[in-house]
Amino acid sequence: MEFLLHHGVTVLGQWISIAELAGQVFALAVVFLAERRTLWTWPVQVGATVLLFSVYLSAHLGGLAGRQIAILAISLYGWWAWNRRSDPVYGVVVRKGRWAERAAMLGGFAAGTVVMALALQALNASWAPWPDAAIFVGTLVAFGAQGAGLVEFWLVWLVVDAIGVPLQISSGLYFSAAIYVVFAALVVHGWWSWNRTAKSVSRPSVTATAKGS
């Protein structure tokens, strides 16, 4: 790992370690794989998490490193959950969230952001605690919903991207901002794909119910 952290390339005038570059490429691959509902989504996410954890730890960014630990835990849950919900025809079964689940996601996002932002302010751990907190909590909500196979997780990612791009630009992290823009494009397509699949999966159930009545 030391080799990956201390060797790198220059992209858009910014030096990037191999570990950071590989971690971001893996993170992009996760969105691509998630759209296709393949179980490879989760081991690739674990790889991205390990790489980015090392990057943030070496940069003395404890908060971002801690975020990777939380993502790792949720990724292991998602890996297990998707293994249980695979279908021979449709692959991993996805669906639209119920109103109660949507409310829980929204409430968790809002309450978690407030708590996290106040903690960052108290610890003087971020110059932009509110968007920083929203990205942190939104990421956890999105991964949790993704593990549960809910179509709405893509919409949470869109919110995270909308907050993340201007924050990265303000921080001078132009490469990371560009990655967020690419993320957003993939997320829109992923939402369209999962939404269509959710309708296809639910349609046979409705038909079967109608025949049985």
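Residues numbered from 1 in each chain as written. Predicted model: local features only at pLDDT ≥ 70, side-chain atom pairs only at ≥ 80, totals over all residues. Heavy atoms only, no water.

Asker: Break down the overall build of the chain for me, with residues and values.
Answerer: Scanning the chain from N- to C-terminus turns up eight helices and four strands. For the chain, the N- to C-terminal ordering of α and β elements is α-β-β-α-α-α-β-β-α-α-α-α. For the chain, buried positions account for 41% of its 213 residues. The contacts of the chain with a sequence gap of at least 6 include a subset with a gap of at least 24, amounting to 65%. When the accessible surface of the chain is split by element, carbon and sulfur atoms take 71% of a total near 11,100 Å². (Helix = DSSP H or I, 4+ residues; strand = E, 2+ residues; numbered from the N terminus. Buried < 20%, exposed > 50% of the residue type's maximum accessible area, 1.4 Å probe, protein only. Contact = heavy atoms within 4.5 Å. Areas by Shrake-Rupley, 256 points an atom, 1.4 Å probe, with all protein chains shown as cover.)

Asker: Let's hear about the packing of aromatic side chains: which residues, and what values?
Answerer: On inspection of all chains with the given rule, the structure shows nine aromatic pairs. A centroid spacing of 6.4 Å and a plane angle of 55° characterise the contact between Trp42 and Phe143, whose relative ring orientation is tilted. Of this pair, Trp42 sits in helix α3 (residues 41-58) while Phe143 sits in helix α6 (residues 129-147); the two residues are 101 residues apart in sequence, bridging distant segments of the chain. Of the two residues, Trp42 and Phe143, neither departs from the other in class, the shared state being buried. Aromatic side chains Phe143 and Trp157 sit 5.2 Å apart centroid to centroid with 90° between the ring planes, which places their arrangement in the edge-to-face category. Of this pair, Phe143 sits in helix α6 while Trp157 sits in helix α7 (residues 153-170), and the two are 14 residues apart along the sequence. (Phe/Tyr/Trp six-rings, centres within 6.5 Å; stacked < 30°, edge-to-face > 60°.)

Asker: Account for the environment of Val160, naming residues and giving values.
Answerer: Topologically, Val160 is positioned in helix α7. Taking the C-alpha atoms as reference points, Val160 and Thr139, 21 residues apart in sequence, are found 7.0 Å from one another.

Asker: An account of the nonpolar core is requested, with residue identities and associated values reported.
Answerer: Formed by 38 residues in total, the largest nonpolar core has its most connected members in Trp154, Trp157 and Trp194. Elements with a contribution of two residues or more to this core: α2 (18-35), α4 (62-84), α5 (99-123), α6, α7 and α8 (174-212). With eight residues, the single largest contributor to this core is α6. Excluding residues within four positions of it along the chain, Trp194 makes contact with Ala34, Glu35, Arg37, Trp82, Val94, Gln146, Gly149, Leu150, Val151, Phe153 and Trp154. (Core = buried A, V, L, I, M, F, W, Y, C linked by side-chain atoms within 4.5 Å.)

Asker: Report on the packing of α2 against α3, specifying residues and quantitative values.
Answerer: Interhelical geometry of α2 versus α3 gives an angle of 155° and a closest axis separation of 8 Å. Classified by the angle their axes make, α2 and α3 are roughly antiparallel. Here the hand of the crossing between α2 and α3 comes out left-handed. Contacts from Ala19, Glu20, Ala22, Gly23, Gln24, Phe26, Ala27, Ala29, Val30, Leu33 and Ala34 of α2 reach α3 at Thr41, Val44, Gln45, Gly47, Ala48, Leu51, Leu52 and Val55. For the contact of α2 with α3, a count of residues per class yields 13 nonpolar, five polar and one charged. (Axes fitted to C-alpha atoms, helices over the stretch in contact; angles between N-to-C directions. Parallel < 35°, antiparallel > 145°, perpendicular 65-115°, else oblique. Left-handed = near helix turned anticlockwise from the far one by under 90°. Nonpolar A, V, L, I, M, F, W, Y, C, P; charged D, E, K, R; others polar.)

Asker: Requested: an account of the packing of α3 against α6, with residues and values cited.
Answerer: One way to put it is that α3 packs onto α6 with a least axis distance of 13 Å and a crossing angle of 155°. Of the possible angle classes, the one that applies to α3 and α6 is roughly antiparallel. Taken as a pair, α3 and α6 cross one another with a handedness that is left-handed. Facing Thr41, Trp42 and Gln45 of α3, the residues of α6 in contact are Phe143, Gln146 and Gly147. Here the contact of α3 with α6 is built from residues that sort into two nonpolar, four polar and no charged.

Geometry only, nothing functional implied.
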